[in-house]
Amino acid sequence: MKVIIVGGVAGGASCAARLRRLDEKAEILMVERGPYVSYANCGLPYHVGGAIAQESSLLVATEQTFREVFAIDCRTRCEVVGISPKEKTVDLKNHVTGEVTTEKYDKLVLSPGAAPIRPPLPGIDLPGIFSVRTVPDARSIREWLDRGTEVRSGIGSYTGFQTVTQPKRAVVVGGGFIGLEMVENLVHRGGEKSDLAPHEVPRVEVTLIEKLSQVMPPLDPEMAHVVGRYMVKHGVRLELNDGVAGFRQAADGSLEVQTSSGKRHPADIVILAIGVRPETALAKMAGIEIGQRGGIRVDEQMRTSDPDIFAVGDAVEVRDFVTGEWALIPLAGPANRQGRIAADVIAGRDSRFRGTQGTSICKIFEGTIAQTGASEKVLVRLGDKDFEKIYLYPNSHAGYYPGAKMLAIKVLFRKSDGRLLGAQVLGEDGVAKRIDSFAMAIQMGCTIYDLEEAELSYAPPFGSAKDPVNFAGMVAANVLRGDMPLCHWDSVDHGFLLDVRSSQELAVESVPGAHNIPLPQLRARLGELPRDREIRVICRSATRAYYAARILLQNGFKAQNISGGMLSRSMLAEK
């Protein structure tokens, strides 16, 4: 059996290595049009910023590795220029020699990935405007940022005066994962030593332009606004609700980014992080089906509409694990799993891809942004009304142990049966541990009652006896059991607001029209409260409000806890 795998990196390379482990006799040919067959493209922003100092650290496996360890015919700088499914052949062009050869296959695996979106805007091909997809991309960005040093300056580097001054102003277009990671790493270059510049690199002033009303589109808006505030706090200039209209080069060689609103942002370097689009040219060449989202349509075994052609990675459409909708989710973890599954199926095993729930995490300065499963806005878009949400703000670990940081957590679950649907977690400590717990719970079909009972590791430096994941389950279970009737800030207009915080807290922030009774005084002052109206109870984070609601409910009042208290109100205030 001969298997040709087109494209390396996560999906193709994992497929090739797995297939060899399963079938020692298979003839495997892997081709990659770029110079590197397997590299860590998720690490590119950190190489630009200097956290990953050596380019070689990004190279996971080389041609030599695949040939010597796995006995795989691996060819880089080799591109597929023709596919004939009827003849079961592919035409390969060697970009070094220019030679075109034809190879037959029994099974073909497409792993072409997704290309950065580069819209046909005026001036988009000017020097100094970069995308971030490959190792050479990162190398070019680093060289551009390091221009103007005693090593790189002069008429021989780039084009004349454009190399004299090091970039001090950067504009990043797009507020997704790559955009935020590039923002952080561009900021971090200030005061750092670069490979090409032995002296300090000037601080880079960074502007992020995002066409949407929020950064990090997978997040719900209120969570994303917390991220936006955090970025501004770290000196990033944030321009939301404004798309890029074009680029212009100034007389001194610098750039000017023009936006739809008419604003003009000066820049010495521009990073395009608008998003990615599945590379489907090979699929169309082979005549296989393209899905409604624009990706290659595959089944659970990664087969395309041609049973002898498989597809994996960022180019494919898969089912969303939670909603069942077709989705494009370009993440390395799913791509690796898809590559393994394709190899299993080719080797005769009955492996199946469960779908993806979009579990993701992103570092931004000292903070971490993470999410898994369905967001509220996706559920609303789908017309799903059988869900509830909670907000909670626990410490990342035991409060008495130094370094505990507050987490902001949003959890979505079914009202009918408590099944966990999604979670979003923000914070500066302990985020990864919690999002992975939520992700595994979703994968296993767990309910919020399972979260209550989950036995998670605890020691004061790492967590609490009642972990935030347990805490989320307990809060959600209280809601479904009726122990804590819940409402949200968008429905409090017609209720009686009871604020159970202290007078000192009210001096800092208050809600107009709210009646204040500090929690310790509540039992003695129940006579001040109406029995014919719904009482909506608030405090800072909703914990004391829960205590107050339990007192009220057991004394014959109608009461609801406003989820997340004043902390969630501060998030929603910017929507």
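You'll find the structure just up there.
Residues numbered from 1 in each chain as written. Predicted model: local features only at pLDDT ≥ 70, side-chain atom pairs only at ≥ 80, totals over all residues. Heavy atoms only, no water.

Engineer: Would you mind showing me how to read the packing of aromatic side chains here?
Structural biologist: For any pair of aromatic rings, the description consists of the separation of the ring centres together with the inter-plane angle of the planes. Applying the stated rule across the entire model yields three aromatic pairs. Pairing Phe66 with Phe70 gives two aromatic rings, centres 5.7 Å apart and planes at 35 degrees, and the pair type is tilted. We note that Phe66, like Phe70, is buried. Centroid distance Phe130 to Trp144: 5.9 Å. Interplanar angle 65 degrees. Geometry classified as edge-to-face. Note that Phe130 is positioned in strand E11 (residues 129-131) and Trp144 in helix H4 (residues 135-145), a separation of 14 residues in sequence. Residue class for Trp144 comes out buried when judged on its relative accessible area of 4%. (Phe/Tyr/Trp six-rings, centres within 6.5 Å; stacked < 30°, edge-to-face > 60°. Buried < 20%, exposed > 50% of the residue type's maximum accessible area, 1.4 Å probe, protein only. Helix = DSSP H or I, 4+ residues; strand = E, 2+ residues; numbered from the N terminus.)

Engineer: Please clarify how the pairing of strand E25 (residues 367-373) should be interpreted in this entry.
Structural biologist: Every other side chain in a regular strand lies on the same face of the sheet, so the side chains alternate between the two faces. Counting buried positions along E25 gives six out of seven residues, so the element sits mostly inside the fold. Note: strand E24 (residues 360-364) against E25, five bridges, orientation antiparallel. Across the sheet, residue Lys363 finds its bridge partner in E25, namely Thr368. Adjacent in sequence and paired antiparallel, E24 and E25 are bridged by two residues, among which Phe365 carries a positive phi angle near 55 degrees. As paired elements, E25 and strand E28 (residues 420-427) share six bridges and run antiparallel to each other. Considered in E28, the bridge of Thr372 is made with Ala423. (Pairing = 2+ DSSP bridges.)

Engineer: I keep staring at the sheet that holds strand E17 (residues 264-267) and nothing clicks. Help me out?
Structural biologist: Strand pairing in a sheet is mediated by backbone hydrogen bonds. Such pairs are either parallel or antiparallel. Taken together, the three strands give an open sheet; going across it, the order is E15-E16-E17, and neighbouring strands pair in antiparallel fashion. Unpaired on one side and paired on the other, strand E15 (244-249) and E17 mark the two borders of the sheet. Direction aside, neighbouring strands of the sheet carry axes that sit 25 degrees apart on average. Of the strand pairs in this sheet, strand E16 (residues 255-259) and E17 are connected by four bridges, and their pairing is antiparallel. Looking at E17, one finds that Leu255 is bridged to Ala267. (Axes fitted to C-alpha atoms, helices over the stretch in contact; angles between N-to-C directions.)

Engineer: Looking at this model, I keep getting lost on the packing of helix H10 (residues 431-443) against helix H12 (residues 468-481). Mind explaining?
Structural biologist: As a packed pair, H10 and H12 sit with axes 9 Å apart at the nearest point and diverge in direction by 50 degrees. By the angle between their axes, H10 is oblique relative to H12. Contact residues: H10 offers Arg434, Ser437 and Phe438, while H12 offers Pro468, Val469 and Ala472. Within the contact of H10 with H12, the residues separate by chemical class into four nonpolar, one polar and one charged. (Parallel < 35°, antiparallel > 145°, perpendicular 65-115°, else oblique. Contact = heavy atoms within 4.5 Å. Nonpolar A, V, L, I, M, F, W, Y, C, P; charged D, E, K, R; others polar.)

Engineer: I'm lost on the state of the cysteines in this one. Help?
Structural biologist: By definition, a disulfide links the sulfur atoms of two cysteine residues through a covalent bond. Under the defined criterion, the tally for this structure stands at zero disulfides. Between Cys78, a cysteine without a disulfide, and Cys74, which holds the nearest cysteine sulfur, the sulfur-to-sulfur distance is 9.7 Å. Overall, Cys78 belongs to the buried group, its relative accessible area being 6%. Unpaired in terms of disulfides, Cys362 finds its nearest cysteine sulfur in Cys42, a separation of 11 Å. The buried category is assigned to Cys362, whose relative accessible area is 1%. (Disulfide = S-S within 2.5 Å.)

Engineer: Would you mind showing me how to read the nonpolar core here?
Structural biologist: Note that soluble globular proteins tend to have their nonpolar side chains buried in a common cluster. The biggest cluster of nonpolar side chains holds 49 residues, and the ones touching the most others in it are Phe66, Leu108, Leu110 and Met302. Setting aside anything within four residues of it in sequence, one finds Met302 in contact with Ile309, Phe310, Ala311, Val312, Val316, Gln338, Ile341, Ala342 and Phe353. Counting 44 residues, the second largest nonpolar core, distinct from the first, contains Leu219, Met223, Ala273 and Tyr393. (Core = buried A, V, L, I, M, F, W, Y, C linked by side-chain atoms within 4.5 Å.)

Engineer: Is there a simple way to think about the pairing of strand E18 (residues 269-272) in this case?
Structural biologist: Burial of E18 is two-sided: the residues Ile269 and Ile271 facing one way and the residues Val270 and Leu272 facing the other way are all buried. Sheet topology note: the E11/E18 ladder contains three bridges and is parallel. Opposite Ile129, over in E18, you have Val270 as the bridge partner. Both strand E12 (residues 169-173) and E18 contribute to a ladder of four bridges, which runs parallel.

Engineer: Even after reading the chapter, I still don't get a nonpolar patch on the surface, so can you show me in this structure?
Structural biologist: A cluster of nonpolar side chains, Tyr400, Tyr401 and Tyr458, forms an exposed patch at the surface whose accessible area comes to about 360 Å². With respect to the helices and strands, the residue Tyr401 is situated in the loop between strand E26 (388-392) and strand E27 (408-413). (Patch = residues over 30% accessible without salt bridge, like charges linked within 9 Å, V, L, I, M, F, W, Y side chains within 5 Å. Areas by Shrake-Rupley, 256 points an atom, 1.4 Å probe, with all protein chains shown as cover. Salt bridge = Lys/Arg side-chain N within 4 Å of Asp/Glu carboxyl O.)

Engineer: What is the right way to read helix H1 (residues 11-22) from this model?
Structural biologist: Residues spaced three or four apart along an α-helix point in a common direction, a consequence of the helix completing one turn every 3.6 residues. Between its first and last C-alpha atoms H1 spans 16 Å; for twelve residues at 1.5 Å apiece the expected length is 16 Å, and the two agree. Burial of H1 is extensive: ten of the twelve residues sit out of reach of the surface. Looking only at H1, the buried set comprises Gly11, Gly12, Ala13, Ser14, Cys15, Ala16, Ala17, Arg18, Leu19 and Arg20. Where H1 is buried, its residues contact strand E1 (2-6), strand E2 (27-32), strand E3 (38-39), helix H3 (63-68), strand E9 (107-110) and helix H8 (332-346). (Expected span 1.5 Å × (residues − 1).)

Engineer: Got a minute to help me understand the pattern of salt bridges in this structure?
Structural biologist: Side chains bearing opposite charge may pair, as long as their charged atoms lie close to each other. Counted under the stated rule, the structure contains 34 salt bridges. Across the salt bridge formed by Arg139 and Glu55, the nearest N and O atoms sit 2.7 Å from each other. Taken together, the positions of Arg139 in helix H4 and Glu55 in the loop between helix H2 (44-49) and strand E4 (59-61) put the pair 84 residues apart, joining distant regions of the chain. In this structure, Glu376 engages Lys389 in a salt bridge whose closest nitrogen and oxygen atoms are separated by 3.1 Å. In this pair, Glu376 is assigned in helix H9 (residues 376-381) and Lys389 in strand E26, connecting sequence segments 13 residues apart. Neither Glu376 nor Lys389 differs from the other in exposure class; each is buried. Connected via shared salt-bridge partners are Lys2, Glu27, Asp73, Arg75 and Glu103.

Engineer: Would you mind going over the sheet that holds strand E5 (residues 73-76) with me for this structure?
Structural biologist: The parallel open sheet is built from five strands, whose spatial order is E5-E2-E1-E9-E21. Looking at which strands have only one partner, the edges of the open sheet turn out to be E5 and strand E21 (309-311). Averaged over all pairs of adjacent strands, the angle between strand axes in this sheet comes to 15 degrees, irrespective of strand direction. Two strands pair when backbone bridges link them, and E1 and E9 are joined in this way by four bridges, in the parallel orientation. By the bridge assignment for E9, Ile5 is matched with Val109. Here H1 sits on the sheet in contact with E1, E2 and E9, set at roughly 165 degrees to E2.

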